Amino acid sequence: MEIRKYTDNNRAVWNSFVAHSKNGLFMFDRNYMEYHKDRFEDSSLMFFDEKNELVSVLPATKKDNILISHGGLTFGGFITDDGMKQHHMNDLFATLRDYMKQNGFSKIIYKQVPHIYHKQPAEEDLYSLFCNNAQIEKIEAATVINLKNKLKMPKGRKAQVTRARREGVIFEESTDFDSFIALENEVLSEHHNATAVHTGAELALLHERFPEQIKLYVGRYKDEIIAGCVLFIYDNLVHTQYLAANDLAREIGALDFVVYNLIEMYLPTKTWFDFGKSTEGNGSILNEGLISQKEGFGGRTFVYQTWSINVC
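Criteria and thresholds
Residues numbered from 1 in each chain as written. Predicted model: local features only at pLDDT ≥ 70, side-chain atom pairs only at ≥ 80, totals over all residues. Heavy atoms only, no water. Salt bridge = Lys/Arg side-chain N within 4 Å of Asp/Glu carboxyl O. Helix = DSSP H or I, 4+ residues; strand = E, 2+ residues; numbered from the N terminus. Buried < 20%, exposed > 50% of the residue type's maximum accessible area, 1.4 Å probe, protein only. Pairing = 2+ DSSP bridges. Contact = heavy atoms within 4.5 Å. Axes fitted to C-alpha atoms, helices over the stretch in contact; angles between N-to-C directions. Core = buried A, V, L, I, M, F, W, Y, C linked by side-chain atoms within 4.5 Å. Parallel < 35°, antiparallel > 145°, perpendicular 65-115°, else oblique. Nonpolar A, V, L, I, M, F, W, Y, C, P; charged D, E, K, R; others polar. 1 Å grid on protein atoms, 1.4 Å probe; cavity = no way out; pocket = protein on both sides within 12 Å on 5 of 7 lines; lining within 4 Å. Points joined across faces, edges and corners; volume = space filled by probe spheres on them.

Q: Any chance you could break down the pattern of salt bridges for me, citing the residues and the numbers?
A: A full pass over the atoms with the stated rule returns 17 salt bridges. Across the pair Glu-137 and Lys-107 runs a salt bridge, and its minimum N-O distance is 3.6 Å. With Glu-137 in strand β9 (residues 135-146) and Lys-107 in strand β8 (residues 107-111), this pair connects stretches of sequence that are 30 residues apart. The shortest N-O distance in the salt bridge between Glu-212 and Lys-215 comes to 3.9 Å. For Lys-215, a relative accessible area of 11% gives the class buried. Each of Asp-8, Arg-11, Arg-30, Glu-34 and Asp-42 takes part in one network of salt bridges that share partners.

This is how it looks when you write it as structure tokens:
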């Protein structure tokens, strides 16, 4: 097995491999990964077998002497194709450990791609992590709806949807990412003393690059966006990358109305509806109000796992 560090000369090969992999996502495409390349030191790796065939890629960044898969993405880990088998994955980890020792890395932080995002079973890495004495770095509670066996929505949530409809809230797709991010930052600043990871311009750029995978849906009231959702769309799943609602929207059920319409929209074609995590402090603090809101749509807990391996 040979490891080669990713360079721009490998862009087409990398993107093609990700597109045809069994656990690759559009956010591992270099056109997505590199929108914020100025914030991270890329250290992505490509793994070739003895026949010089690419068998895996590892989206990764470097911070000091730690390899992170990936510092700027929700998930990372080994991206593989249908030919990946367990003994091959064990070899990948052994080769990676040698590479890390030779290049001064003391630790890898490994964000495993959750199985609901896989096109085919791709948990070879979980077994190899166990075999390499990996430790759980953090567990984050996310909330997911099984669209093939959806739980009933409580009467109170249905009432909010009905009220939004009665008040004249309009559900529609939008490309006004600037207005949405302004709303998102207003909410985050007020309740969490934080701001969104993306700017409106960045989301607009990513939407332009991935128009079928990144979409904005809003609740519009009297020509004003008062609630909305940036949706990331995958083969079997949709993920609410951002949800935002101002005080008026919460009062008249505008966000409930947006989410309800999205669930109904993707019910026939997707399996999972992922609201994302509701934890803070590396997973140790549960935001009970936030997760309760998501559970109110029929979601239940699914976890994101981050592991670490010390190699020195």
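What follows picks up the thread again.
Q: Residues and numbers for the sheet that holds strand β4 (residues 54-58), please.
A: As summarised here, the arrangement of the four strands in space is β1-β3-β4-β7, forming an open sheet in which the pairing is antiparallel. Where the open sheet ends on each side, the last strands, each with one partner, are β1 (2-5) and β7 (79-80). Against the sheet, helix α1 (residues 11-19) makes contact with β3 (45-48), β4 and β7, and its axis sits at roughly 95° relative to β4, the strand it touches most.

Q: Lay out the nonpolar core in plain terms, naming residues and giving numbers.
A: The biggest cluster of nonpolar side chains holds 44 residues, and the ones touching the most others in it are Phe-28, Tyr-32 and Tyr-117. Of the residues forming this core, the biggest block, five residues, is contributed by helix α6 (residues 177-192). Excluding residues within four positions of it along the chain, Tyr-117 makes contact with Leu-25, Phe-75, Tyr-234, Leu-237, His-239, Asp-274 and Tyr-304. Counting residues in each nonpolar core, the second largest holds 28 residues, with Ile-145, Leu-147, Ala-227 and Phe-297 among its members.

Q: Please provide a residue-by-residue account of the packing of helix α5 (residues 155-167) against helix α9 (residues 254-266), values included.
A: α9 packs onto α5 with a crossing angle of 100° between their chain directions and a minimal axis gap of 8 Å. The angle between α5 and α9 places the two elements in the roughly perpendicular class. Here Arg-157, Gln-160, Val-161, Ala-164 and Arg-165 of α5 come into contact with α9, specifically with Ala-254, Asp-256, Phe-257 and Tyr-260. For the contact of α5 with α9, a count of residues per class yields five nonpolar, one polar and three charged.

Q: Can you break down the layout of surface pockets residue by residue, with the values?
A: Put simply, the largest pocket is a space of about 1,500 Å³. Looking at the largest pocket, it is lined by 49 residues, and the ones nearest its centre are Glu-184, Leu-188, Gln-241, Tyr-242 and Lys-277. Every element with two or more residues in the lining of the largest pocket is listed here: β9, α6, β13 (237-245), β14 (272-277), β15 (279-280), α10 (288-295) and β17 (300-310). Considering every element that reaches the lining of the largest pocket, the biggest residue donor is β13, with seven residues. For the lining of the largest pocket, the class distribution of residues is 20 nonpolar, 20 polar and nine charged. Gly-24, Leu-25, Phe-26, Lys-119 and Asp-235 are the residues nearest the centre of the second largest pocket, which is lined by 15 residues in total.

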